[in-house]
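Each chain, written out:
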Amino acid sequence: MPLPRKKAPEPIPLRRPVTEDDIERAVLANFDALLAGEVGQATETSKLLVRHRRMTVTVLARLLIEDRLPAPGAGFHMIEALTFGYPHDILRQIALNPHAPDVTRFGAHRRMGWQHLGSDAEIARLRQEFLSTMRDPEGMLAVTAAVVLETWPVGLEILDEIVRYLAVLDSAARVAILRRVVDAAEGRAVWLLHAMLAMPDIETQRYAVQELARFRNPVSSGPLSRFVKLTSAAELRDAAEAALQRMRLRAVDRTTDAFLWQLPAHRTVRGSAIGLDGAQTLVLTFEDELTPRLYVEFLVTDAGIADAGGRVIVIQHLEDAGDDEYDDEYDDLEEDGADEQISLAPAASEYVSGGIVRPLRAPGSVNAQIEIDPAHARGIIAAALEQHIASGRPLPPTFELWEPYLHEALPPAPDEPTVPAMLPDRAIAPNPLPEQRALEQMLMGAGFGTWLIPADRLFAAMERVPPPASPRWSNRQYEGLVEQLFTPDDIGTLTRALLRQAWMLDRSGDTLDRDSVLGIVQSLRTLSYHDMPKHPFVRALLQHSAMVALSSSAAALLDEPWDLV
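Residues numbered from 1 in each chain as written. Predicted model: local features only at pLDDT ≥ 70, side-chain atom pairs only at ≥ 80, totals over all residues. Heavy atoms only, no water.

Asks: Residue-level account of the overall build of the protein chain, with values.
Replies: Across its full length, the protein chain carries 23 helices and five strands. Expressed as a percentage of its 565 residues, the buried residues of the protein chain come to 52%. (Helix = DSSP H or I, 4+ residues; strand = E, 2+ residues; numbered from the N terminus. Buried < 20%, exposed > 50% of the residue type's maximum accessible area, 1.4 Å probe, protein only.)

Rendered as structure tokens:
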């Protein structure tokens, strides 16, 4: 008896694959829902975008290039979230696409950053080259600056980037852009004009002083006071002093009333350990409803203020995942999953960076940072400003953009405390000079992570000095290296850097290294350049720098070995 035949199962219909057209419709629907305040609908749409994030990133880039997104800033934010914070490849494609709007290309390159591209001079050249590929670069900078100033202080990092572009333009183009910004932004333009006071161009400075005198905003008193001390142009100094005199009369009109701004309260202020060249980064952190997480950085060296910048972090890319769960190779991730680990919620403003815009070249490491109070931070900046006044070197223009965050209120109160970050001289005298081995151990500590002679300079010097004949370096090696790597002025640089380092060590409670540093300072104050090769700290610095450089990369670059014991 034949067995009954089983009924064939019904065919399962194949699911139509998701196409770019589907993703495009979902992206535009997501934006429509967000702009209409329909958060629930936007959340549902986001699930499809997250499941197909690589395709979504491609579609977002195309829509940005075609200028079809109603909120480009939110589009950039979504790209960064979907690439787990590593959007540089896709941003580069947008920035270099000549068919994209100028402002979109500007925004893409701003998010990429410039610091990894070379020296300051090379970056300036590349900025000029990038502007030359735009349809109307001056118009783009003027319009963008005016829009950002209307939302001040939101978008301050964008104004920072505009100032850096203005610095590479010729005087006539820069002043023409400023006139357009002032016409559009009126009194809010003072925030940009403050930065122009530090631009090393007489015509730019003349226009900035003229307009600041016209607006008479009390917040301009600080920038104008610094300009009076720094400028060598008598005509402009007189004009700035006259403007300050009018501000001291506290004349109040509608322009003055309209553009005062309440500063957020300080959350934390941290200072890094001091670097070999006196470099130190101050990091100010704020958090309030206007700027959810704001970081302001000042880079100070022995010569003064080297740079200033800031960034806004609005949202974390991964809410539940650990730091090491994902890396920049996001193409290797599974297409599905992670729906709950990515947030595509837009920022409150279209102009928001999702991460570090332009990290400063800061010394030290995060572990070497020490919490200090705002009064000492102002003292560090005040000492750096004195270096500029003494040398006549101009301030970096971006300093005036971020300087307000050092204060408790604007304009600052006359009795606002400013405390020097320096130990008193009486703390130096009784400290003995440690031996070289102890100093080498000290240099291996976290607080001295950047006390290294640059490897390229060190290797070039070592190639010109005969290697030691025994495991120990002789005077011949130390004298040859000091002659090539140090100048008489470096004694003063080392002394000042060590004095500041002693204060930071004292703040951290490291009294042992503090006393060692003070002993070094005492001995360096009477040291002649001729005796530098014999000084234990100089020898320890050379030995430590060579050990790190050779162990990390380049023993093979030397013709003969240098024994380090």
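Now, onward.
Asks: An account of helix H8 (residues 137-150) is needed here, citing residue identities and associated values.
Replies: With 14 residues, H8 ought to run about 20 Å at 1.5 Å a step, and its terminal C-alpha atoms sit 20 Å apart, in line with that. Most of H8 sits out of view: ten of its 14 residues are buried. Buried residues of H8: Pro137, Gly139, Met140, Leu141, Ala142, Thr144, Ala145, Ala146, Val148 and Leu149, and no others. Where the residues of H8 are buried, they touch helix H6 (102-112), helix H7 (120-132), helix H9 (156-166), helix H10 (171-185) and helix H11 (190-196). (Expected span 1.5 Å × (residues − 1). Contact = heavy atoms within 4.5 Å.)

Asks: Let's hear about the nonpolar core: which residues, and what values?
Replies: Note that soluble globular proteins tend to have their nonpolar side chains buried in a common cluster. Core analysis: the largest hydrophobic core is formed by 155 residues, its most contacted members being Leu159, Leu192, Phe298, Trp451, Phe486 and Leu542. Dropping the residues within four chain positions of it, tryptophan 451 is found in contact with Ile274, Gly275, Leu276, Leu443, Leu494, Ala497, Leu498, Gln501, Phe537, Leu541, His544 and Ser545. (Core = buried A, V, L, I, M, F, W, Y, C linked by side-chain atoms within 4.5 Å.)

Asks: Lay out the packing of helix H1 (residues 20-35) against helix H3 (residues 53-65) in plain terms, naming residues and giving numbers.
Replies: The contact between H1 and H3 brings their axes to 9 Å, and the two run at 70°. Taken as axis vectors, H1 and H3 run roughly perpendicular relative to one another. For the pair H1 and H3, the crossing hand works out as right-handed. On the side of H1, the interface is formed by Glu20, Ile23, Glu24, Val27, Leu28 and Phe31, while H3 contributes Met55, Thr56, Thr58, Val59, Leu60, Arg62 and Leu63. In terms of residue class, the contact of H1 with H3 is built from eight nonpolar, two polar and three charged. (Axes fitted to C-alpha atoms, helices over the stretch in contact; angles between N-to-C directions. Parallel < 35°, antiparallel > 145°, perpendicular 65-115°, else oblique. Left-handed = near helix turned anticlockwise from the far one by under 90°. Nonpolar A, V, L, I, M, F, W, Y, C, P; charged D, E, K, R; others polar.)

Asks: So, the environment of glutamine 128: which residues are in play, and what are the values?
Replies: Tracing the backbone shows glutamine 128 in helix H7. Taking C-alpha positions, glutamine 128 is 9.8 Å from leucine 166, a pair spaced 38 residues apart along the chain.

Asks: With reference to specific residues and values, describe the pairing of strand S3 (residues 294-301).
Replies: Among the eight residues that make up S3, eight are buried, leaving the element largely enclosed by the rest of the structure. Pairing of S3 with strand S4 (residues 304-312) involves eight bridges; the strand directions are antiparallel. Across the sheet, residue glutamate 297 finds its bridge partner in S4, namely glycine 309. (Pairing = 2+ DSSP bridges.)

Asks: Help me get a handle on the pattern of salt bridges, residues and values and all.
Replies: Counted under the stated rule, the structure contains 27 salt bridges. Between arginine 226 and glutamate 400 there is a salt bridge; the shortest N-O distance is 2.9 Å. Residue arginine 226 is found in helix H13 (residues 221-230), and its partner glutamate 400 is found in helix H17 (residues 397-402); the two are separated by 174 residues along the sequence. Looking at glutamate 400, the relative accessible area reads 5%, which means it is buried. Three or more residues are tied together by salt bridges with common partners; here these are Glu20, Glu24, Arg62, Glu66 and Arg68. (Salt bridge = Lys/Arg side-chain N within 4 Å of Asp/Glu carboxyl O.)

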